Structures are given as structure tokens and as C-alpha cells.
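Structure at a glance
So the chains spell out like this:
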Amino acid sequence: MLQVTKTISQASLWRQVRLIKGVVIRHVTMATDRPVETSIRQKLTKTFEPVHLDVINESSMHNVPRGSETHFKVVVISERFDKESLIKRHRLVNDTLKEELEGPVHALSIQAKTPAQWSQNASVSKSPPCLGGMAHEQAQKNQGR
């Protein structure tokens, strides 16, 4: 990922793009564009010092306004989870994100593993489709209920 940290002229940028042909350049958004996601990432990083961390905003899969930050999945791989039960790991993550869960975050899916567990199975579980609110009613109608 190319991250531009200083202001450069457009002509200079196009010269740089030609020089790195074949490299995918992804738009880097500011932390202020995703304040909840940024807060989650910072808190989990500080608390667990993960060897791997994914913070996935799944809000778009739900009946919420575009750009919402209400539904998240976190994948936290940390030595801190060694010898902790699954429920204890989830409690630790929930405690770390207490402020977000009391505020803007409506749903949080957690995958908390040790590095050894992650090396055996580095997959992220697929989230089910949203069936809350209107989607649930529509699904019932489609099933003839």
C-alpha cells in the first residue's frame, strides 16, 4: 500500500504512478472518516498487542444508513489469549470496547485466537446475512409464513 504523507503536485504524482506501474494504489482515508473503526483498532492494539488484527465494518450488510459504523467483526490474534477460555477472551475484548458497545456499536462479532491457533486455521468466519428489522419480515413472507 502506498501512503502519501506530504503534499505533492499532480504532475509529480503521475510521474510516480508511472514509475510503479503494476502496483495497486489504494486510497488511504483519514482516521476522521472512520472514527469508530479507528478507536476499535487503537484500543485492541494497545490492549492485546496482536500479531494480527482485522477490524471489519459490516454495517453495509445491514439496514443502516450508508457510511454507518454500527456492526463490526474483529479478528484478534494475540499471545494474551494463551490459556484463556473462549468466553474469557470475548469478555476481555468486550471490556476493552465497552465505550463503543455502549454507544455507536450495535453488534460485534469476535474471533479471538492465539498465534498457534491462527497458524492452524487462519480463516475468518463468514457473517450470516442480516435478518433484522425489515429483512426478517421479508424473509418470513418469502417462506410463506
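The structure under discussion appears in the preceding block.
Computed from a predicted model, the values in this text were never measured in an experiment.

1. Remarks on the nonpolar core
Within soluble globular proteins, side chains that are nonpolar generally end up buried alongside one another. Ile40, Leu44, Phe48, Val74, Val76 and Val93 are the most contacted members of the largest nonpolar core, which has 16 residues in total. Those elements giving two or more residues to this core turn out to be helix 2 (35–48), strand 1 (52–57), strand 2 (71–77), helix 3 (86–96) and strand 3 (107–113). No other element matches the four residues that helix 2 contributes to this core. Those residues in contact with Val74 that lie beyond four places of it in its chain are Ile40, Leu44, Asp54, Val55, Val93, Leu108, Ser109, Ile110 and Gln111.

2. Regarding the pattern of salt bridges
This structure, assessed with the given rule, holds five salt bridges. A salt bridge links Arg34 to Glu37; the shortest N-O distance between them is 3.3 Å. Taking the shortest distance from any N to any O, the salt bridge between Glu100 and Lys43 comes out at 2.9 Å. Here the residue Glu100 occupies a position in helix 4 (residues 98–102), and Lys43 occupies one in helix 2, the gap between them amounting to 57 residues. Among the residues examined, Lys43 registers a relative accessible area of 22% and is labelled partly exposed. What you see here is one network of salt bridges that share partners, running through Arg34, Glu37 and Arg41.

3. A look at helix 2
Across its 14 residues, helix 2 extends 20 Å between first and last C-alpha, which sits within 8% of the 20 Å expected from 1.5 Å per residue. Buried residues of helix 2: Val36, Glu37, Thr38, Ser39, Ile40, Leu44 and Phe48, and no others. In this structure, the buried side of helix 2 is in contact with strand 1, strand 2, helix 3 and helix 4. The positive-phi residue at the C-terminal boundary of helix 2 is Glu49, with phi of around 45°.

Criteria and cut-off values
Residues numbered from 1 in each chain as written. Predicted model: local features only at pLDDT ≥ 70, side-chain atom pairs only at ≥ 80, totals over all residues. Heavy atoms only, no water. Core = buried A, V, L, I, M, F, W, Y, C linked by side-chain atoms within 4.5 Å. Buried < 20%, exposed > 50% of the residue type's maximum accessible area, 1.4 Å probe, protein only. Helix = DSSP H or I, 4+ residues; strand = E, 2+ residues; numbered from the N terminus. Contact = heavy atoms within 4.5 Å. Salt bridge = Lys/Arg side-chain N within 4 Å of Asp/Glu carboxyl O. Expected span 1.5 Å × (residues − 1).

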